[in-house]
Amino acid sequence: VQLQASGGGLVQAGDSLRLSCAASGRAFSTCVMGWFRQAPGKEREFVATISRSGGRTDYLDSANGRFTISRDNAKNMVYLQMNSLKPDDTAVYYCAAYYNFNSDVSRNGAYYDYWGQGTQVTVSS
């Protein structure tokens, strides 16, 4: 599966952004999808993940309640709605995928075999 992330930009603290990830290739509906981010000088960090059907989600603690991950299997799309953005959310955001045959989700980036190119999110204070 090939992934293309978009929707990043420069916003102020408290604003919202919606990131999108378009997938092409086979069997998107059998992929677990995730969003990760990497800030300058920091390790890549898990943000959110969603199961194949969308029935299970998991979030970074600091994102819980502010971010929502969703997917549309008919359109081969996954989204990350980010509300109440903070300067600490500034990073390059990546969508990622791995094929799976159950309803699992994963915070572990090592499980993800496919990565998009990243989209920059900058939150000013």
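For the structure, see preceding data.
Conventions we followed
Residues numbered from 1 in each chain as written. Predicted model: local features only at pLDDT ≥ 70, side-chain atom pairs only at ≥ 80, totals over all residues. Heavy atoms only, no water. Helix = DSSP H or I, 4+ residues; strand = E, 2+ residues; numbered from the N terminus. Buried < 20%, exposed > 50% of the residue type's maximum accessible area, 1.4 Å probe, protein only. Polar contact = N/O pair within 3.5 Å; in protein donor to acceptor, adjacent residues only side chain to side chain. Contact = heavy atoms within 4.5 Å. Salt bridge = Lys/Arg side-chain N within 4 Å of Asp/Glu carboxyl O.

K.L.:
Got a minute to help me understand the side chain of arginine 66 in this structure?
P.N.:
Looking at the element boundaries, arginine 66 is found in the loop between β6 (57-59) and β7 (67-72). Taking relative accessible area as the criterion, arginine 66 reaches 11% and is therefore assigned buried. A polar atom in the side chain of arginine 66 sits 2.8 Å from the side chain of aspartate 89. The residues contacting arginine 66, other than those within four sequence positions of it, are Gln81, Met82, Asn83, Ser84, Leu85, Lys86 and Asp89.

K.L.:
What am I meant to see in the pattern of salt bridges here?
P.N.:
A side chain with one charge may pair with a side chain of the opposite charge, provided their charged atoms come close. In this structure the tally under the stated criterion is five salt bridges. A salt bridge links arginine 107 to aspartate 58; the nearest nitrogen and oxygen atoms lie 2.6 Å apart. With arginine 107 in the loop between β9 (91-99) and β10 (114-115) and aspartate 58 in strand β6, the pair connects residues that are 49 residues apart, well separated along the chain. Given the relative accessible area of 41%, arginine 107 is considered partly exposed. Three or more residues joined by partner-sharing salt bridges are found here, namely Arg37, Glu45, Arg66 and Asp89.

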